[in-house]
Amino acid sequence: MSEMAKYLLLIYGDERLWEARSPEEIKDLHAGHAAFAAAAGDAILGGHELESSTTATCLRGTVSGRPTPTDGTFLETKEVLGGYYLVEAPDLDAAIALAENLPEVSAAHSGVEIRPIREAS
């Protein structure tokens, strides 16, 4: 039997549109994530929605070698990371099939990045 691989499903989107959602849209989104979780079952190892990018703190290297904390994300972009799931799947095709069930893949302003986890050797 082959070992299962781990993948990080990174959910990106336009934060301004996320913050402007109506209560009904938020309810629908939560229902979509509940349906994703039900379909994925034990394949989900973890996941969370993230707070707004305005709450982010980044550490940046300096010439002195001592990291300096800064407010905000590394890049100013329209799309920000809004949440993630850590899943187990036999291969990339299976991870893609799981990710296709996320509600964000159907929204014009959102998307999901699938990244394999590099296991420590």
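Here goes a summary of the coordinates provided. Here the structure is a predicted model, which means the values were calculated and not measured.

## A word on the environment of His33
Next, step 1: Residue placement: His33 occurs in helix H2 (residues 23-40).
Next, step 2: Between the C-alpha atoms of His33 and Ser64, which are 31 residues apart in sequence, the distance is 45 Å.
Next, step 3: Excluding residues that lie within four positions of it along the chain, His33 makes contacts with Ile11, Tyr85, Leu102, Pro103 and Glu104.

## Some details on the layout of surface pockets
Next, step 1: In this structure, the largest pocket spans a volume of roughly 430 Å³.
Next, step 2: Around the largest pocket sit 22 residues that line it, and Arg21, Leu29, Glu49, Leu50 and Gly82 are the ones nearest its centre.
Next, step 3: Mapped onto the lining of the largest pocket, the elements with two or more residues apiece are helix H1 (15-19), H2, strand S2 (44-49) and strand S5 (79-89).
Next, step 4: Looking at the lining of the largest pocket, the element that brings in the most residues is S5, giving six residues.
Next, step 5: Volume-wise, the second largest pocket comes out at about 220 Å³.
Next, step 6: Lining the second largest pocket we find Leu17, Trp18, Ala20, Arg21, Glu25, Asp28, Leu29, Pro103, Glu104, Ala107, His109 and Ser110.
Next, step 7: The set of elements that each furnish at least two residues to the lining of the second largest pocket consists of H1 and H2.

## Observations concerning the sheet that holds strand S6 (residues 110-116)
Next, step 1: Reading across from one edge, S2-S5-S1-S6 is the order of the four strands in this open sheet, with antiparallel pairing throughout. Pairing within the sheet leaves two strands with one partner each, and these edge strands are S2 and S6. The mean inter-strand angle of the sheet, taken between neighbouring strand axes irrespective of direction, is 20 degrees.
Next, step 2: Two strands pair when backbone bridges link them, and strand S1 (residues 5-14) and S5 are joined in this way by 10 bridges, in the antiparallel orientation. Bridge pairing links Lys6 to Glu88 in S5.
Next, step 3: Where H2 meets the sheet, its contacts fall on S1, S2 and S5, and the angle it forms with S2 comes to roughly 170 degrees.

What counts, and at which threshold
Residues numbered from 1 in each chain as written. Predicted model: local features only at pLDDT ≥ 70, side-chain atom pairs only at ≥ 80, totals over all residues. Heavy atoms only, no water. Helix = DSSP H or I, 4+ residues; strand = E, 2+ residues; numbered from the N terminus. Contact = heavy atoms within 4.5 Å. 1 Å grid on protein atoms, 1.4 Å probe; cavity = no way out; pocket = protein on both sides within 12 Å on 5 of 7 lines; lining within 4 Å. Points joined across faces, edges and corners; volume = space filled by probe spheres on them. Pairing = 2+ DSSP bridges. Axes fitted to C-alpha atoms, helices over the stretch in contact; angles between N-to-C directions.

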